[in-house]
Amino acid sequence: MTTPTQPALRAPADRFGLSCATITPFAATGRVDDTRLVDHLERCLAAGCSSFTLFGTTGEGSSVGRRERERTMERVFARLGAARALVGVMASAPEDAAEQANPLLDAGGRGVLLAPPTYFKGVTDAGLYDWFARAIEAMRSPRGVFLYHLPSVTAVPLSIGLIGRLKAAFPGVVAGVKDSGGEWPYTERLLAAHGDLHILVGDERLLARAVRHGGSGAINGFSNFCAPRLLPMVERGEEVPEVSALVDLLLGYPVTPAIKALVAHVSRDPEYRRTAPPLVDLPDADVRTLAAALDRLS
């Protein structure tokens, strides 16, 4: 008589780890503040992050132009190297997506967080497959591609079948999926169907559970200000209820301004609060509420 296979932790050597979906500090001029960005990344790496992801959702990647992105990557890599870096790619045209990815790939970076095109809604899996395929084929040396499932923002979900088709078409290139959907039934199906990939969970409330079912780690926003509290989730699949409670509170505010406010709080540097249009900075009263909650967690 056989017994059902039980979910299990991935072997440590086969895990992705914890990547900080870093904020992007801005100067008053609107340019990226490279000095504060590097300082922040150094703190996150020292706190336990194994990598960092530039210009994702938390990093306001869609608000930073290509030349500014390239200039910032060049300066970050000069200080920290590129081996621990990923970059978020958000574009409507496959060629533009490749142009956002190439500087990271050329520098020897770890990977690319590739979001679907978002202008057209209600598109088919066939159309999405063609778009992703053209974007990957247009990259100069494609590798480490993580497909980005974030339907609350993109309104373009990635189906389990689409991921399987891309995985089969680009073996060794499609490395994983960042699942920021926040829906456990989807995450469970994703782990069951594509557990050979690195399945990374963005919602901290589902992270430990996903790791216990074979998840590989996370690219997430809370790593910006409380990475040590996330390591038990990523490394051992342990629940940290206080973190989940803080997530519930933070989701009552605009997420990226709220995360930047908490970075400003822990670093004691209010300059980290500054956002790029169309986002606006969090009001002082809201900052105080979130900061008090984080202090209680710490």
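Residues numbered from 1 in each chain as written. Predicted model: local features only at pLDDT ≥ 70, side-chain atom pairs only at ≥ 80, totals over all residues. Heavy atoms only, no water.

Draft legend 1. Quick peek at the overall build of the chain. Looking only at helices and strands, one finds 12 helices and 8 strands in the chain. Dimensions along the principal axes, computed over C-alpha positions, put the chain at roughly 55 × 45 × 35 Å. Taken over 298 residues, the chain has a buried fraction of 55%. Looking at the chain as shown, the accessible area adds up to about 12800 Å², and 53% of this sits on carbon and sulfur atoms. (Helix = DSSP H or I, 4+ residues; strand = E, 2+ residues; numbered from the N terminus. Buried < 20%, exposed > 50% of the residue type's maximum accessible area, 1.4 Å probe, protein only. Areas by Shrake-Rupley, 256 points an atom, 1.4 Å probe, with all protein chains shown as cover.)

Draft legend 2. Broad picture of helix α9 (residues 223–236). With 14 residues, α9 extends only 17 Å from end C-alpha to end C-alpha; this falls clearly short of the ideal 20 Å at 1.5 Å per step. Of all the bends in α9, the largest measures some 65° and sits at R229, one to four residues before the proline P232. With respect to burial, α9 is a largely interior element, 10 of its 14 residues being buried. When α9 is considered as a whole, its buried residues turn out to be S223, N224, F225, C226, A227, L230, L231, P232, M233 and V234. Of the residues one or two after α9, G237 is the one with positive phi, at around 70°. (Expected span 1.5 Å × (residues − 1). Bend = angle between axes of the 7 residues up to and from the residue.)

Draft legend 3. Just the packing of helix α6 (residues 160–169) against helix α7 (residues 184–194), in detail. Closest axis-to-axis distance for the α6/α7 pair is 10 Å, and the angle between their directions is 30°. On the basis of the axis angle, α6 is roughly parallel to α7. The two elements α6 and α7 meet at a crossing, and its hand is right-handed. Counted together, I160, I163, G164 and K167 of α6 and Y186, R189, L190, A193 and H194 of α7 form the full contact between these two elements. Residues of the contact of α6 with α7, tallied by class, amount to 5 nonpolar, 2 polar and 2 charged. (Axes fitted to C-alpha atoms, helices over the stretch in contact; angles between N-to-C directions. Parallel < 35°, antiparallel > 145°, perpendicular 65-115°, else oblique. Left-handed = near helix turned anticlockwise from the far one by under 90°. Contact = heavy atoms within 4.5 Å. Nonpolar A, V, L, I, M, F, W, Y, C, P; charged D, E, K, R; others polar.)

Draft legend 4. Inspection of the nonpolar core at higher detail. In terms of nonpolar packing, the biggest core is built from 92 residues, with V112, L114 and F222 touching the most fellow members. Those residues within four positions of F222 in sequence are excluded, and the remaining contacts are E204, A227, L230, V243, L246, V247 and L250. (Core = buried A, V, L, I, M, F, W, Y, C linked by side-chain atoms within 4.5 Å.)

Draft legend 5. Spatial organisation of the confidence of the model for the chain. Chain-level pLDDT for the chain is 96 on average; 98% of the residues reach the 70-or-more range. Segment residues 1–6 is flagged for pLDDT under 50; beyond a separation of four residues in sequence, or across chains, it makes 0 contacts in the model. (pLDDT = per-residue confidence, 0-100.)

Draft legend 6. Inspection of the packing of aromatic side chains at higher detail. The final tally for this structure, using the stated rule, is 4 aromatic pairs. Measuring from centroid to centroid gives 5.3 Å for F16 and F146, while their planes differ by 65°, and the two rings are edge-to-face. Of this pair, F16 sits in the segment before β1 (17–21) while F146 sits in strand β5 (residues 145–149), and the two are 130 residues apart along the sequence. Overall, F146 belongs to the buried group, its relative accessible area being 3%. Judged by centre distance (5.2 Å) and plane angle (90°), the ring pair of W131 and F132 falls under edge-to-face. No difference in accessibility class separates W131 from F132, as the two residues are buried. The ring of F16 carries R110 above its face, with NZ or CZ at 4.1 Å from the centroid. Above the ring of Y129, the side-chain terminus of R165 is found at 3.7 Å from the ring centroid. (Phe/Tyr/Trp six-rings, centres within 6.5 Å; stacked < 30°, edge-to-face > 60°. Lys NZ or Arg CZ within 6 Å of the ring centre and 35° of its normal.)

Draft legend 7. How the structure looks around the environment of P116. Structurally, P116 is set in the loop between β4 (111–114) and α4 (125–138). Measuring from C-alpha to C-alpha, the distance between P116 and E95 comes to 13 Å, with 21 residues separating the pair along the chain. If we ignore the near neighbours within four places in the chain, the residues touching P116 are A91, L128, W131, F132, Y148, T154, V156 and L158.

Draft legend 8. Representation of helix α1 (residues 34–46). With 13 residues, α1 ought to run about 18 Å at 1.5 Å a step, and its terminal C-alpha atoms sit 18 Å apart, in line with that. Those residues of α1 hidden inside the fold are in contact with β1, β2 (51–54), α2 (66–80), α9 and α11 (255–267). Of the residues trailing α1, G48 is marked for its positive phi of about 125°.

Draft legend 9. View of the pattern of salt bridges. Counted under the stated rule, the structure contains 21 salt bridges. Across the salt bridge formed by R36 and D33, the nearest N and O atoms sit 2.8 Å from each other. Under the relative-accessibility criterion, D33 is labelled buried at 13%. Of the charged contacts in the structure, one is a salt bridge between E60 and K260, with a shortest N-O distance of 2.7 Å. Of this pair, E60 sits in the loop between β2 and α2 while K260 sits in helix α11; the two residues are 200 residues apart in sequence, bridging distant segments of the chain. (Salt bridge = Lys/Arg side-chain N within 4 Å of Asp/Glu carboxyl O.)

Draft legend 10. Seen up close, the side chain of S19. Considering the arrangement of structural elements, one finds S19 in strand β1. Of the polar contacts made by the side chain of S19, one reaches the side chain of S51; its length is 2.9 Å. For S19, the side chain forms a polar contact with the side chain of T53, separated by 2.9 Å. (Polar contact = N/O pair within 3.5 Å; in protein donor to acceptor, adjacent residues only side chain to side chain.)

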